[in-house]
Amino acid sequence: MDMTRIRDRMVEHHVTRRGIRDQSVIGAMRMVPREKFVPPGSEEFAYEDAPLSIGEGQTISQPFIVALMLEKANLNVGDKVLEVGTGSGYASALISRIARHVYSIERHEKLAFQARERFEKLGYRNIDVRVGDGSKGWAKAAPFDAIIVSAGAPEVPTALKEQLHLGGRLIIPVGGGEGQRLKRFTRTGAAAFEEEDLGGVLFVPLIGEDAWTASHPMYTATTPSLPGTIAPKPGSPPNAQGGSMEKIHKLPALPEGVLDHSEFQQRFWAVQRISWIVFMLLLVTCLLGLLGRGGPFSRQTLLLPDGSVDFPVISRWNAPEDMTVTFTPSSEDRVLTIDAAFLQSFSVQGVDPPQKATFARDGRIGYVFPADASEPTQIVFRLQTQLPGPRSALIGMGGETRTQSTFIFP
């Protein structure tokens, strides 16, 4: 099953609408197939904003809390990053699409092995995984530009702070039980750190020599039948709860405004199934109607002095469409322009043959194609809609422009 559309919906509803603005994080979450990081049979639930069990008493954290921690880490292209708590490998995979190299530590050998296998299959070659005590960091690979810890420690482990570059960022939950706070530490000197409080969270303990021991009550409590981690309601602020790398057990009473995980999943799954049924009914209706995608009135050809544009006027939500541009023979370069705002709804996924140059001017994007004095040149733009509703664009060839509208069905 192609999960691209579902993945885009997850990013829109549970990431960008809730305040995540870092485009590198958003891009990574659109790129990494989260369904590959959950157990077989759980793929249909991979894009819900809730933690899911991955075995060994562990979970894959909810998408929002992962995005929040990555955004606060201020990751850059050339960074070397340490992740404490590999788990299924999802967070490491996201980091690897942003940073230069990822070092990931996991306590459970089975999970570490499974994560390595996933990275190999997906072609993520810039991730190293080892089994060990995350509270000690990874001294041989240090220093790091960023360190991200997915479990709560009573205090910040000294080893993790010492393994930061000057200017490096450490994201870690600190405290016990309901008193945890998500902290960001930025190294400003040899022994100087700037501390920021990012809000209240609730993670299970980080088990290690410089953190909690295995006798911690949150670690040794009887495991409930469903994971006890909790997920915030859609639209909640970052002062919310997240998943973790350690065993999931019964947690303290839930804070106000937070749903129990099992209740949240039951409601979400019910809404999801109803939404799919409604979507399929609408889709069938559109395909059978004259105005459905592919119907006789679903496209329009714009005629201009320098050529023509075959443009979709009716499209199905998030379904690929082609905009075909045909230039008449010419001994001079040909130029096609389109509103930049329109490309926020339609992302150009490919131009064949490739353009000679691209430019931006007066709120419009221009594509320059080489001259051909003998034969017409045909260009196909691969477009993918993002949001339902009407859209209009000013399309130009040479000195002539035309306004074209399209409607995207949900």
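Residues numbered from 1 in each chain as written. Predicted model: local features only at pLDDT ≥ 70, side-chain atom pairs only at ≥ 80, totals over all residues. Heavy atoms only, no water.

1. Observations concerning the pattern of salt bridges
Within this structure, the stated rule accounts for 14 salt bridges. A salt bridge links R30 to D8; the shortest N-O distance between them is 2.9 Å. Residue R30 is located in helix α2 (residues 23–31), and its partner D8 is located in helix α1 (residues 4–14); the two are separated by 22 residues in the primary sequence. Looking at R30, the relative accessible area reads 31%, which means it is partly exposed. Between R364 and D339 there is a salt bridge, with its nearest N and O atoms 3.7 Å apart. One end of the pair, R364, is in strand β19 (residues 364–369); the other, D339, is in strand β16 (residues 334–339), and 25 residues separate them in sequence. Classification of D339 as buried rests on a relative accessible area of 19%. Because the salt bridges share partners, they merge into one network encompassing K136, E209 and D210. (Salt bridge = Lys/Arg side-chain N within 4 Å of Asp/Glu carboxyl O. Helix = DSSP H or I, 4+ residues; strand = E, 2+ residues; numbered from the N terminus. Buried < 20%, exposed > 50% of the residue type's maximum accessible area, 1.4 Å probe, protein only.)

2. Observations concerning the pairing of strand β9 (residues 193–200)
As paired strands, strand β8 (residues 181–187) and β9 are joined by 6 bridges and run antiparallel to one another. Bridging across to β9, R181 finds its partner in G200. Where β8 hands over to β9, the hairpin turn is made up of 5 residues, counted between the paired strands. (Pairing = 2+ DSSP bridges.)

3. Here we look at the sheet that holds strand β4 (residues 101–106)
Taken in spatial order, the 7 strands line up as β5-β4-β3-β6-β7-β8-β9 in an open sheet, and their pairing is mixed. Edge strands, defined here as strands with exactly one partner in the open sheet, are β5 (127–131) and β9. Across the sheet, the axes of successive neighbouring strands diverge by a mean angle of 15 degrees, strand direction being ignored. With 4 bridges connecting them, strand β3 (residues 80–84) and strand β6 (residues 144–149) associate as parallel partners. Paired with L82 across the two strands is I147, which belongs to β6. (Axes fitted to C-alpha atoms, helices over the stretch in contact; angles between N-to-C directions.)

4. Some remarks on α1
Burial within α1 is extensive, with 8 of its 11 residues counted as buried. Buried within α1 are the following residues: R5, I6, R7, D8, M10, V11, E12 and H14.

5. Focus: the side chain of T86
Along the chain, the position of T86 falls in the loop between β3 and α4 (90–96). Overall, T86 belongs to the buried group, its relative accessible area being 3%. Not counting chain neighbours up to four residues away, the residues in contact with T86 comprise S92, S104, I105, E106, A115 and V129. (Contact = heavy atoms within 4.5 Å.)

6. Some remarks on unusual backbone geometry
The amide bond that connects A142 to the next residue, P143, takes the cis arrangement and shows omega of 5 degrees. Summarising the element assignment, P143 is placed in the loop between β5 and β6. In this structure, N74 is a non-glycine residue whose phi angle is positive, near 50 degrees. Of note, N74 is situated in the loop between α3 (63–72) and β3. We classify N74 as partly exposed; its relative accessible area is 38%.

7. Points about the packing of α1 against α2
Look at α1 against α2: their axes get within 9 Å of each other, and the N-to-C directions meet at 150 degrees. Here α2 runs roughly antiparallel to α1, going by the angle between their axes. Remark: the crossing between α1 and α2 carries right-handed chirality. Between α1 and α2, the residues in contact are R7, D8, M10 and V11 and I26, M29, R30 and M31, respectively. Taken together, the residues of the contact of α1 with α2 break down into 5 nonpolar, no polar and 3 charged. (Parallel < 35°, antiparallel > 145°, perpendicular 65-115°, else oblique. Left-handed = near helix turned anticlockwise from the far one by under 90°. Nonpolar A, V, L, I, M, F, W, Y, C, P; charged D, E, K, R; others polar.)

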